[in-house]
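Each chain is listed here by its residues.
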Amino acid sequence: MSFKDIYGQDRQIAVLQRTVACGRLPHAYLFYGMKGIGKKTTAVALAKTLNCKDGGADACDSCAVCRKIDHGNHPDIFFIRPEGIFIKIEEIRKLQSQAKYRPFEGRKRVFIIEDAERLNIPAANALLKTLEEPGPSNILILTTSRPYVILPTIISRCQKIRFSPLRRDIIVAFLMERRML
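We now turn to the structure provided with this report. All of these numbers come straight from a predicted model, not from anything done at the bench.

1. Regarding the nonpolar core
Grouped together as the largest cluster of nonpolar side chains are 27 residues, with contacts concentrated most on F3, L16, Y29, F31, L46, V110 and I141. At the level of elements, α1 (10-22), β1 (28-32), α2 (39-51), α3 (64-71), β3 (109-113) and β4 (138-144) are the ones that each hand at least two residues to this core. Among the elements that make up this core, the one with the highest residue count is α2 (six residues). When neighbours within four sequence positions are excluded, V110 is seen to be in contact with A47, L50, N51, D76, I77, F78, I139 and I141. Formed by 24 residues, the second largest nonpolar core is a distinct cluster that contains I87, L95, A116 and L128.

Dropping the structure here:
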C-alpha cells in the first residue's frame, strides 16, 4: 500500500511527500491520533517511499523493495511492538544495535514503534538516548493513540503529525471501493 491508497489523511500525506521530495527528513516522527485511522499504514507507506527503487514522492508498489516491505521481510524495516503489556528495554536495545549499521539493502533503515505509549520507563529512557544521537540513515516512526502518556522529552525530539478522525463520507467511499457495503 502506498500513499495514494490511504484514505482521509491527505494533509498529513502531503506533508510527508514534501519532506521526501525536498530530502529534508527528520530523524523521528510521532504519528498520533485515534486507533484505526491509518497511522501504521502511513508509517509503512513512508518506509516504502524512502526505499523504493523509483525514488519518487510515493512508492511504486511493484519493485522488489516494495514487495518485500509488503510481505514483511525487508532487512531494513523493523517493527517494535509491545510484548504483553509493555515495550521492554530489550526491544529498544535491539533497535539500538541495529541502528549502528548502515542500511543493508535500501536507502534508509526505518524503525516503526507501534503503540509507543506502552514503552516502560527504562525502554523510554533508552529510546531517548537513540533520539538524541540518531544515525544519519535511520528514521524512527512512533505511533500512538495516547501521546500524553509518552515522555515529553521523547515527544520534543520528534516531528509530530496528528492524524484526523475519518469522516463518514470517506469511510463510505472506502467500503464502496472494497465492495464491503
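Past the structure itself, the notes keep going.
2. So, the environment of E117
Within the secondary structure layout, E117 lies in the loop between β3 and α5 (121-132). Classification of E117 by relative accessible area gives buried; the value is 9%. Residues E117 and R67, 50 residues apart in the sequence, show an inter-C-alpha distance of 30 Å. Those residues in contact with E117 that sit more than four places away from it in its chain are T143, T144, S145, R146, V149 and I150.

3. Things to note about the side chain of T144
The topology assignment puts T144 in strand β4. Look at T144 and you get buried, because its relative accessible area is 1%. In this structure the side chain of T144 is engaged in a polar contact, spanning 2.9 Å, whose partner is the backbone nitrogen of R146. Sequence-distant contacts of T144, defined by excluding residues within four places in its chain, comprise L30, F31, Y32, G33, K39, A116, E117 and I150.

Parameters at a glance
Residues numbered from 1 in each chain as written. Predicted model: local features only at pLDDT ≥ 70, side-chain atom pairs only at ≥ 80, totals over all residues. Heavy atoms only, no water. Core = buried A, V, L, I, M, F, W, Y, C linked by side-chain atoms within 4.5 Å. Buried < 20%, exposed > 50% of the residue type's maximum accessible area, 1.4 Å probe, protein only. Helix = DSSP H or I, 4+ residues; strand = E, 2+ residues; numbered from the N terminus. Contact = heavy atoms within 4.5 Å. Polar contact = N/O pair within 3.5 Å; in protein donor to acceptor, adjacent residues only side chain to side chain.

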